[in-house]
Amino acid sequence: PIVSFDRNLAPFIPVVSSDNFKGGVKATEYLINQGAKDVHIISSHLHSHNPTDARVEGYFATLKQHNLIPHEHAFSFTMSPTIKKELIKKILQSESIDGLFCTDDLTAILAYEAAQEVGIKVPKDLNLIGYDGTSLIRNYFPQLSTIQQPIEEISNLLIELLLKQIDGYKPEKNETFKLPVKLIVGD
């Protein structure tokens, strides 16, 4: 038996994730509500065909609703943090960004550090938001605003689905479960 978190592995393997689309919408709306007009997104890949793609789709849908121009920067998931931070610095120095949505918290922290290194103040000059909201990030980087996934509920559902399969349950084709997310405004 196999279950998956945030990845489409095969048609009969259930997928559990947060509501990535609503998370993308919430993150983008947060930036717009903070006054951002030039909102960019940094994602870890283009079109992976996984549930996490919906974060970017939520960003695009929200910008379209507000008649704002989208700007996507896609970095390889395997790119080193050092290279990623240098690329973020170049983007921050060459674009007039006032809102930045990073589709994961670790990239958002790199963006925060990159902004500081080039003299951009967060949130005065740049509104920033990440995605994940794990307790580790919340404890060690509480200033980061983020979209928090319900990790405990996701974990419980993954285990429940795995146990059901062990007991004979046969998953339906493309069976997916989306749990709600919430906005956490940083300190």
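Structural data are supplied above this passage.
How each quantity is defined
Residues numbered from 1 in each chain as written. Predicted model: local features only at pLDDT ≥ 70, side-chain atom pairs only at ≥ 80, totals over all residues. Heavy atoms only, no water. Core = buried A, V, L, I, M, F, W, Y, C linked by side-chain atoms within 4.5 Å. Buried < 20%, exposed > 50% of the residue type's maximum accessible area, 1.4 Å probe, protein only. Helix = DSSP H or I, 4+ residues; strand = E, 2+ residues; numbered from the N terminus. Contact = heavy atoms within 4.5 Å. Salt bridge = Lys/Arg side-chain N within 4 Å of Asp/Glu carboxyl O. Axes fitted to C-alpha atoms, helices over the stretch in contact; angles between N-to-C directions. Parallel < 35°, antiparallel > 145°, perpendicular 65-115°, else oblique. Left-handed = near helix turned anticlockwise from the far one by under 90°. Nonpolar A, V, L, I, M, F, W, Y, C, P; charged D, E, K, R; others polar. Expected span 1.5 Å × (residues − 1). Polar contact = N/O pair within 3.5 Å; in protein donor to acceptor, adjacent residues only side chain to side chain.

### Focus on the nonpolar core
- Membership of the largest hydrophobic core comes to 21 residues, with the highest contact counts inside it found for Ile88, Leu92, Leu100, Cys102, Leu126, Leu128 and Leu144.
- Elements with a contribution of two residues or more to this core: α3 (81-94), β5 (99-102) and α4 (105-117).
- A total of seven residues in this core trace back to one element, the largest contributor, which is α4.
- What Cys102 contacts, discounting residues up to four positions off in sequence, is Ile42, Thr107, Ala108, Ala111, Leu128, Ile129, Gly130 and Tyr131.
- By size, the runner-up hydrophobic cluster in this structure holds 16 residues, among which are Tyr30, Leu31, Val39 and Tyr59.

### A short note on the pattern of salt bridges
- In the structure shown here, the tally under the stated rule is five salt bridges.
- Glu86 serves as the salt-bridge partner of Lys89, at 3.1 Å between the closest nitrogen and oxygen. Of this pair, Lys89 and Glu86 both sit in helix α3, separated by three residues, roughly a single helical turn.
- According to the relative accessible area criterion, Lys89 is buried, its value standing at 15%.
- The network of salt bridges with shared partners includes Lys85, Glu86, Lys89, Glu113 and Glu117.

### Section: the packing of α3 against α4
- Viewed as axis vectors pointing N to C, α3 and α4 meet at an angle of 55°, and their least axial separation amounts to 9 Å. The orientation of α3 relative to α4 falls into the category oblique. For the element pair α3 and α4, the recorded crossing hand is right-handed. The residues of α4 that touch α3, namely those facing Pro81, Lys84, Lys85, Ile88, Lys89 and Leu92, are Thr107, Leu110, Ala111, Glu113, Ala114, Ala115 and Glu117.
- Taken together, the residues of the contact of α3 with α4 sort by class into seven nonpolar, one polar and five charged.

### Observations concerning α4
- Between its first and last C-alpha atoms α4 spans 18 Å; for 13 residues at 1.5 Å apiece the expected length is 18 Å, and the two agree.
- Of the residues making up α4, those classed as buried are Asp105, Thr107, Ala108, Ile109, Leu110, Ala111, Tyr112, Ala114 and Ala115.
- Those residues of α4 hidden inside the fold are in contact with β3 (39-43), α3, β5, β6 (127-132), α5 (135-140) and β7 (145-148).
- Two or three places before Leu106, at the opening of α4, Asp104 has a side-chain oxygen 3.2 Å from that residue's backbone nitrogen.

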